[in-house]
Structure formats: structure tokens, C-alpha cells
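Each chain, letter by letter, is given below.
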Amino acid sequence: MWHAQRLALIMALVCLFRDTSAAYSLTARTGRPLNNLCGANTMMSDTSAETTVFSDHDHSSAQLHSCVEKLRNDGVKVSIDDPALFVDWNVRALVEFEREAGNHGATPGWVLGGAVTTSILQSSIITRVGAVAGGVHGMFCFAPNTQAQFGSVLKILSHTESDPWMQAVCGAAGIGVGRPHGQLATLYSATDRSCNPQPFNWVAPPAGTHHLFV
């Protein structure tokens, strides 16, 4: 029960964060490089002691499952006090985003340089969010995090979701919950030593905002 209460408190903080300004200063970045621990070319392992079911529609589930295995094997600490957050990317939505991204003016400062491709978008979001996380593993995981860091990760994800440029591109590309190409990514959290991800109940954004993470 107390586990559920503590997670509920974190989600309550996200609700509060959604009412703050979407502006985010990158001066707080740590400069920590991305850890390629769970790169996109990693093969899926079949040695899991736990069964984790990820989304089955055009998502990066095999690579994400491999990332979970790598975290377990390397003994990355995960607990209710050190939660992990996993990102299961919707490949179809990423492709549609890339097709539309060049039609909406200048990109915001947090987007990495060059033409916006699927990998640039992923890297930009992971780098932005990773600046406040306790650790970053490839394109799929933030771990381990203190509860304060976990709250900050959710805050920056919320700011990213509500970013005007993101909303404009996704609106034109048909990306979001209930839209033709679905959400940009599905989120999972893990709060036990087995690092077994469970669906994360992401708070829906305000009415009129495309729901990009779920």
C-alpha cells in the first residue's frame, strides 16, 4: 500500500508540474554523455527470469527488452526509492514526425542540430530528460533515480510533450493518443530489484494538447 501511495505522490507532483511554465533552461545540464549500454543494435536476450510484456505495435520492444536484461545483468540498483523509467518508442510515429518536422519553422533550442530525423528526435528528448536523471541507458531508460530525480524526469517529459513546436508537428503528422499514428512513446516504470517494468500511468495533458506519451 505504501508503495502505491508514494508513486501516487510522484504523479501528483507531475500534475503540479503541468501547471508551471513549459520553458526549461538547459543551463542545468550536467553534460553527462549518453551511455550506449543499451544501443539500438543490441540483440534481444532470451535469458530473462521475468516476463515483461511491452507494446506490440510498431514499437522498439525488442531493443527495450534487451535494455532491461542489461540493467539486470549489470546490477543497476532499482527499488521504490530508486525507480527506473523506460521509453518504448513508437517507430511509426517517429517516422511520421521526421516527415513533418521540417514544415514548422525553427526547432526549439533543446533539439540537437541538423535536420530532424527519428534518431535526432530520440537523442534530443533523451538528452534533455537525461540532464535531470540519475542515469541514462541508450535511447530507452533512465535509471537509477532518486525520487526527486524521478519527479524531475517526469517534469521535463511533460514540458517536452507540451512544447509548442512538438505539438505543431505532432498535430500535423497525426501523432498522439487516439490519432492515426498513435502516441510517440509508451512509458514503463520499475520499482523492484528484479527490474521488471510495469505500465506507467502517465497523466494526460490538458484538453487541447496532443497526448504524446502514455
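Check the entry above for the structure.
The model shown is predicted, which means the values in this text are computed figures rather than measured ones.

Asker: Sorry if this is basic, but what is going on with the packing of aromatic side chains here?
Answerer: Remark: the centre distance and the inter-plane angle together describe each pair of aromatic rings, the angle taken between the planes. What the rule picks out here adds up to three aromatic pairs. Arranged with centres 5.9 Å apart and planes meeting at 85°, the rings of Phe150 and Phe200 form a pair that is edge-to-face. A residue pair is termed long-range when its members are at least 10 positions apart, and Phe150 in helix α5 (residues 147-162) and Phe200 in the segment after β5 (198-199) qualify at 50 residues. Accessibility assignment for this pair places Phe150 and Phe200 in one class, buried. Considering the side-chain rings of Trp202 and Phe213, the 6.4 Å spacing of their centres and the 85° angle between planes classify their relative orientation as edge-to-face.

Asker: For this particular structure, what's the right way to read unusual backbone geometry?
Answerer: As a rule of thumb, non-glycine residues mostly have phi less than zero, and peptide bonds are mostly trans rather than cis. That bond from Ala143 to Pro144 is cis: its omega, -10°, falls within 30 degrees of zero. Examined against the element boundaries, Pro144 turns out to sit in the loop between β3 (141-142) and α5. At Cys195, a residue that is not glycine, the phi angle is positive and equals roughly 55°. Secondary-structure assignment places Cys195 in the loop between β4 (185-190) and β5.

Asker: Just checking my understanding: could you explain the sheet that holds β4 for this structure?
Answerer: Across a sheet, paired strands are connected by hydrogen bonds in the backbone, their directions being either parallel or antiparallel. Spatial ordering of the open sheet is given by β2-β3-β1-β4-β5, a layout of five strands whose pairing is antiparallel. Looking at strand neighbours, the two that pair on one side only are β2 (136-137) and β5, the edges of this open sheet. Here two bridges tie β4 to β5, and the two strands are oriented antiparallel to one another. Bridging from a neighbouring strand, Tyr188 pairs with Pro199 of β5.

Parameters at a glance
Residues numbered from 1 in each chain as written. Predicted model: local features only at pLDDT ≥ 70, side-chain atom pairs only at ≥ 80, totals over all residues. Heavy atoms only, no water. Phe/Tyr/Trp six-rings, centres within 6.5 Å; stacked < 30°, edge-to-face > 60°. Helix = DSSP H or I, 4+ residues; strand = E, 2+ residues; numbered from the N terminus. Buried < 20%, exposed > 50% of the residue type's maximum accessible area, 1.4 Å probe, protein only. Pairing = 2+ DSSP bridges.

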